[in-house]
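Next come the chains, spelled out residue by residue.
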Amino acid sequence: MPTFQTVRGMRDLLPEDAAALNCVIAKARETAGLYGYREIVTPVVEPYELLAAKSGEEIRQRMFTFKDLGDRTVALRPEFTASIARLATTALRNEPKPLRVFSVGSVYRYDEPQRGRYREFWQSDFEIIGSNKPEADAEIILLTNSLMQAVGLRNYAFKLGHIGVLRGILSQEDVDDKTQNAVLQRMDKKEYTEAFALVPEKCRATLEGLLKLKSGSVFETAERIIQYVADYSEAAASAENLLAILKLVTEGGCEIATVEPAFARGLEYYTGMIFEVYIPELDIALGGGGRYDRLIEVFGGEATPATGVAHGLDRIALAMQTQNLALKTKQDKRVVVVPVKDEQKGAALKIAQQLRATGMSVEFEVMGRKMAKALEDADKRQMDYAVIVGEKELQQNTVVLRNLAKRTQTTVVINKLAEAIRS
Ligand code: AMP
């Protein structure tokens, strides 16, 4: 028989990695609770059309797409926003606004595998639907800041931009939507020469000028953008919006490291502010998001403004590892229960169940090993206690409790056992 390997880009998460990921998931869920986002669970498999509608060429080409047995073209979700926008036009259509929803789970993209880039990875996704106000955008950035703090990351930095500024210029220069998407996609990859080659001369000069506006101070950069696009009405309104968000986020206690006038993101549905968060040790984003005011309309709903973020949970776990941040999981005592002879198996199982009912982690000796072997094994695996269930002790409602580290043992009454282990 050949030995099997995982499919390229897919990973097994062994106990330590799974624990690290689960720790980040728990923090994301806590953050959702703190900000009033209710969790929803959506399918991993969605109609291809839904996922392709407005995600952008980049992601469309990297989706895991296939026909199911009913001849439907479906795909594995590459992100959550499309599924949530679908719900906003169906089951959640009549919910009072703003609607705050949270999702966490695996997503799939046919990316080139490398450190921090996988084909199956985990995201936590926060969306706030129904508000077009800068305070909604600020909230999305602030909750991302809270998550970064909750996992203990240091020196993380936010980068902020506004798609409305770019689209405002492109629209006023009569660049059609399709070309706009192509331009923004290239700008996202910092391929400025290729991007600007797609637009007329005057527009090119304006976009090139944008690149030079960045200054050391984020507020100064925002002000410079406002002045620079004064003749482009939509872009100017977007630049004012960018400044308003920047002010709110800063007053909310989160520092924005850079305002990038020419910052673009791969997803096509963004219409307003966009942002990403980084740590200096990794040159890949830990999370990113932005405003998408037209997506819900595209899915047949009423025009509904919305803004949101997706955090790359594998990357956050990787970032924590890079900064040597230990997981703080409270570890209860680890206990093994061993019957001395076959006749005590039932009684020993009952004792194991009683201990578990108190919330204790208990393993039962299921290999049928003799006492010495079972204790040797427990020692090797650094268990804390062995509960030895023998005939003589059982007759007095007691068991032998062995402290494996100290190599001491005492006889304990069964209904005082949990207490004795914890004390
Ligand atoms: P996006 O939906 O593209 O905005 O991505 C949101 C976040 O997901 C990014 O900031 C990354 O942290 C994470 N992410 C994106 N692609 C990958 C990938 N291939 N592997 C791991 N994490 C990813």
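Conventions adopted
- Residues numbered from 1 in each chain as written.
- Predicted model: local features only at pLDDT ≥ 70, side-chain atom pairs only at ≥ 80, totals over all residues.
- Heavy atoms only, no water.
- Axes fitted to C-alpha atoms, helices over the stretch in contact; angles between N-to-C directions.
- Helix = DSSP H or I, 4+ residues; strand = E, 2+ residues; numbered from the N terminus.
- Parallel < 35°, antiparallel > 145°, perpendicular 65-115°, else oblique.
- Left-handed = near helix turned anticlockwise from the far one by under 90°.
- Contact = heavy atoms within 4.5 Å.
- Nonpolar A, V, L, I, M, F, W, Y, C, P; charged D, E, K, R; others polar.
- Buried < 20%, exposed > 50% of the residue type's maximum accessible area, 1.4 Å probe, protein only.
- Polar contact = N/O pair within 3.5 Å; in protein donor to acceptor, adjacent residues only side chain to side chain.
- Near = heavy atom within 4 Å.
- Areas by Shrake-Rupley, 256 points an atom, 1.4 Å probe, with all protein chains shown as cover.
- Core = buried A, V, L, I, M, F, W, Y, C linked by side-chain atoms within 4.5 Å.
- Salt bridge = Lys/Arg side-chain N within 4 Å of Asp/Glu carboxyl O.
- Phe/Tyr/Trp six-rings, centres within 6.5 Å; stacked < 30°, edge-to-face > 60°.
- Lys NZ or Arg CZ within 6 Å of the ring centre and 35° of its normal.
- Pairing = 2+ DSSP bridges.

### Comments concerning the packing of helix 1 (residues 15–35) against helix 5 (residues 134–150)
- Where helix 1 contacts helix 5, the axes come no closer than 10 Å and their chain directions differ by 140°. In terms of their interaxial angle, helix 1 and helix 5 are classed as oblique. Viewed along their axes, helix 1 and helix 5 form a crossing whose handedness is right-handed. Across from Lys27, Ala28, Thr31 and Tyr35 in helix 1, the residues of helix 5 making contact are Glu139, Leu142, Leu143, Ser146, Leu147 and Ala150.
- Split by residue class, the contact of helix 1 with helix 5 holds six nonpolar, two polar and two charged.

### What about the environment of histidine 311?
- You can see histidine 311 is positioned in strand 11 (residues 306–312).
- By relative accessible area, histidine 311 is classed as buried at 0%.
- Once the C-alpha coordinates of histidine 311 and glycine 288 are considered, the two residues, 23 residues apart in sequence, prove to be 6.5 Å apart.
- Among the polar contacts made by the side chain of histidine 311, one reaches the side chain of threonine 144 at a distance of 3.0 Å.

### Some words on the site of the ligand
- Around the ligand there are 16 residues in total, and Arg109, Asp111, Tyr118, Arg265 and Ala285 lie nearest to it.
- Here an oxygen atom of the ligand sits 2.7 Å away from a polar atom, N or O, in the side chain of arginine 265.
- At 3.3 Å, a backbone N or O of leucine 286 approaches an oxygen atom of the ligand.
- Here the ligand loses 93% of its free accessible area of 490 Å² to cover by the protein chains.
- At the level of elements, strand 6 (120–129), strand 10 (287–291) and strand 11 are the ones that each hand at least two residues to the shell around the ligand.
- Of the residues contributing to the shell around the ligand, the split by class is six nonpolar, five polar and five charged.

### Here we look at the nonpolar core
- In this structure, Ile141, Leu153 and Ile316 are the most contacted members of the largest nonpolar core, which totals 103 residues.
- With residues near it in sequence (within four places) discarded, isoleucine 316 still touches Val24, Leu147, Met148, Val151, Leu153, Leu286 and His311.
- In terms of nonpolar packing, the next biggest core, distinct from the first, is built from 19 residues, Leu355, Val362, Val399 and Leu417 among them.

### Let's talk about the pattern of salt bridges
- Considering all chains together, one arrives at 25 salt bridges under this definition.
- With its nearest N and O atoms 3.8 Å apart, the salt bridge here joins arginine 60 to glutamate 268. Here arginine 60, found in helix 3 (residues 57–61), pairs with glutamate 268, found in the loop between strand 8 (258–259) and strand 9 (273–278); they are 208 residues apart in sequence, far enough to count as distant.
- We classify arginine 60 as partly exposed; its relative accessible area is 21%.
- Judged by its relative accessible area of 12%, glutamate 268 is buried.
- Glutamate 363 is the salt-bridge partner of arginine 381, the closest N and O atoms lying 2.8 Å from each other.

### Describing the packing of aromatic side chains
- A full pass over the atoms with the stated rule returns eight aromatic pairs.
- Members of the aromatic cluster, each reached through a chain of ring pairs, are Tyr37, Phe102 and Phe126.
- The ring of tyrosine 118 carries the charged tip of arginine 11 above its face, separated from the ring centre by 3.6 Å.
- Over the ring of tyrosine 110 we find arginine 119; its NZ or CZ atom is 3.7 Å from the centre of that ring.

### What to know about the pairing of strand 6
- Counting buried residues in strand 6 gives eight out of 10 residues, a clear majority hidden from the surface.
- Across 10 bridges, the pairing between strand 5 (residues 99–108) and strand 6 is antiparallel. Residue pairing in the sheet places serine 106 in a bridge with tryptophan 122 of strand 6.
- In this structure, strand 6 lies alongside strand 11, joined through seven bridges in antiparallel fashion. Residue serine 124 lies in a different strand from strand 11, and its bridge partner there is histidine 311.

### Focus: the sheet that holds strand 2 (residues 45–47)
- The strand order 2-4-3 describes an open sheet built from three strands, whose pairing is antiparallel. The open sheet has two edge strands, strand 2 and strand 3 (65–67), and neither has a second partner. When strand polarity is set aside, the average angle formed by the axes of neighbouring strands in this sheet is 40°.
- Sheet topology note: the strand 3/strand 4 (residues 73–76) ladder contains three bridges and is antiparallel. Note on strand 4: the bridge partner recorded for phenylalanine 66 is valine 74.

### Considering helix 6 (residues 163–172)
- The buried fraction of helix 6 is high, at eight of 10 residues.
- Among the residues of helix 6, Ile163, Gly164, Val165, Leu166, Arg167, Gly168, Ile169 and Leu170 are the ones counted as buried.
- Elements in contact with the buried residues of helix 6: strand 7 (157–162), helix 7 (177–188), helix 9 (201–211), helix 10 (218–228), helix 11 (233–251) and strand 9.
- The first or second residue beyond helix 6 is aspartate 174, which carries a positive phi of 60°.

Honestly, it's all geometry; don't read function into it.
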